[in-house]
Amino acid sequence: MSAEARSDFDPNSLDFQEDPYPTYRKLQEAGPAVRNEAQGFWAISRYAEVKESLLQPSRFSSERSFGEGRAAPQGIIVIMDPPLHDGMRALVNRAFTPRRIAALEVRIREIANGLIDAFCEVGSCDLWRDFSAPLPTTVIAELLGVAPEDREMFKEKSTQIASSVGPGGAGNTNTAALELVAYLGKAFDAKRRSPGDDLMSALIAAEIDGRKLTQEELVGFGLLLLIAGNETTTNLISNAAVLLDRFPEQRARLLSGEVPIPAAVEEFLRYDTPVQGLDRTLTEDVRFGDLRVPKGDRVFLMLAAANRDSKVFPEPDRFDVGRQPNPHLGFGFGAHFCLGASLARMEARVAWEELLRRIPDYRISGATQRLPSSIFRGLLSVPIAFTASR
Ligand code: HEM
C-alpha cells in the first residue's frame, strides 16, 4: 500500500486563487486522492477519477446542510441525491425545454447589443460591470419572469452567495439566500394568480404522474437558477475577455473566422473553468488507487484540475480556441450535469459574437480584480479600452 499523499493547500488563499494551476499539477502528480488535513477534504484532481466519481452520485453524495444546521430549502436539485434528485430533475426539466431556451437567442442578442450601445462610443468601460455581470442577470430574470426593478438586487445577492460557498466557506449563515427565498415566495404567489409565458409559470404548471412542485420546491429551484445561472455565466464571459487579451493570436483566429466561436467557448470553459470543483461526501468507503477513503469523508472533485490533465488534453496549459476534441468537465458530468449548459453556451456565444464584432480591438487597460472564491473562478472588475464606434 502506498503512503497517503498530503497537501495542505488553502483554497481560500488569494495567491492560490490567482494561479491555482501549478498546485493542480502537483496534486495530480501526488496521487489520485490527496489528503488536505487543514481543510478536511480529499483533493481528487485527475480527470479519470473526477469523471468516475461524478458517475456515482449515490456513493458521492451532494446533500448538505444550508448554514448552521438549517435544512436546505427543498427543490435545490444540485444538493439532492438519487432517487429524490432524479424525480425532481425530471419535473423541472418539463419546464426547461430546448424550445424555450432556443427562443431566447434573439432576445439575448438584443440585450447584449443594448449593453454594448451604452459604452461603445466612449472607448472604454468595465466589461464586468457594464456587460458580463448584467447580461446573464437580465437573461435569467426575464426567463423566470422577474420584475425589472428587482434585477439589481438579484445580482448583488447572488454575488454575496457565490463568495461564501466552497470548501472553506460552506456552512456560513447565508442571509442573502434567505432574503431571495422570501422574495421568490412572493413572486411565485403572484405568478400563480396571473400566469404568463415564462419559466416561473411553466414550473408551476409542470406535472409528472399527477405530481406537481410544491411552493417550497418552486422557491428552492428558482433560487438555484438565479445563483447557478448568474455568477457562472458572468465569470465565463469575463475570464474569456482576459484570455483573448493575453493570447492575441487566438483572438485573430476568431476574428478571421478560422475557428468558430462555439469551439472557443468550449476552450474558455476548459482553460479557466468557472466552477473549479464540486464538494461531495462519501456514503461508503471508496478506493482511489491503493488508497481506501472512508465513508463520511469529504472529497473535492476538481473539475478545473481535471480539465488540465495531460492524459486527456495534449499540452493542457496551451490555450487553443480550436482544440479538438475538447471533452472538458466544465459543466460537470452524469446525474447533475448542468441543466443550463445549452443556455450558458448560447449566452457566451452571442456575447462573444457581438463583442468581437463591435469592439474587436479591445484590450485590458488596467488591473483586473479577482472574485474571492474557492469554488468559482471569476472576476469583479475588467477594465478595457478600445477604438470608439457607434
Ligand atoms: C458557464 C456557465 C455555467 C457553468 C460553468 C455551470 C456549471 C455547472 C456545474 C459544474 C454543475 C454540476 C454541479 C454538481 O454536479 O454538483 C451545474 C449544475 C447545474 N446548473 Fe449550471 N453552469 C452554468 C450555467 C448555468 C445556467 C445558465 C443555469 C440555469 C439557468 C444553470 C443551472 C444549473 C442547474 C439547475 C444545475 C443543477 C443540476 C442538477 O443538480 O441536476 N447553470 N452547473
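Higher on the page you've got the structure.
Since this is a predicted model, take the numbers as computed values, not measurements. (Residues numbered from 1 in each chain as written. Predicted model: local features only at pLDDT ≥ 70, side-chain atom pairs only at ≥ 80, totals over all residues. Heavy atoms only, no water.)

K.L.:
What's the story with the coordination of the iron atom of the ligand in this structure? I'm lost.
P.N.:
When a metal carries six donors in an octahedron, the ideal angles between them are 90 or 180 degrees, while four donors in a tetrahedron ideally lie at 109.5 degrees. Only one protein atom coordinates the iron atom of the ligand: C338 (SG), located 2.3 Å from the metal. Relative to the helices and strands, C338 is located in the loop between α15 (303-306) and α16 (341-358). (Donors = N, O, S within 2.8 Å, 3.2 Å for Na, K, Ca; no water. Helix = DSSP H or I, 4+ residues; strand = E, 2+ residues; numbered from the N terminus.)

K.L.:
So what exactly am I meant to see when it comes to the site of the ligand here?
P.N.:
In the vicinity of the ligand there are 28 residues, among which H85, R89, R280, H336 and C338 approach most closely. I77 has a polar backbone atom sitting 3.4 Å from an oxygen atom of the ligand. In this structure, an oxygen atom belonging to the ligand sits 2.6 Å away from a side-chain N or O atom of H85. Elements with a contribution of two residues or more to the shell around the ligand: α4 (84-93), α12 (215-246), β7 (278-282) and α16. The element contributing the most residues to the shell around the ligand is α12, with 7 residues. When the residues that make up the shell around the ligand are grouped by side-chain class, the tally is 18 nonpolar, 8 polar and 2 charged. (Near = heavy atom within 4 Å. Polar contact = N/O pair within 3.5 Å; in protein donor to acceptor, adjacent residues only side chain to side chain. Nonpolar A, V, L, I, M, F, W, Y, C, P; charged D, E, K, R; others polar.)

K.L.:
Looking at this structure, how should I read the packing of aromatic side chains?
P.N.:
Each aromatic ring pair is summarised here by two numbers: the centre-to-centre distance and the angle between the ring planes. Applying the stated criterion across every chain yields a total of 15 aromatic pairs. Centre to centre, the rings of Y271 and F319 are 5.3 Å apart; their planes meet at 65°, and the pair counts as edge-to-face. Highlighted residues: Y271 in helix α14 (residues 261-271) and F319 in the loop between α15 and α16, separated in sequence by 48 residues. Each of the two residues, Y271 as well as F319, counts as buried. Plain terms: the ring middles of F331 and F337 are 6.1 Å apart, the flat faces sit at 70° to each other, and that makes the pair edge-to-face. Relative accessible area serves as the criterion here: at 29%, F337 is assigned to the partly exposed category. (Phe/Tyr/Trp six-rings, centres within 6.5 Å; stacked < 30°, edge-to-face > 60°. Buried < 20%, exposed > 50% of the residue type's maximum accessible area, 1.4 Å probe, protein only.)

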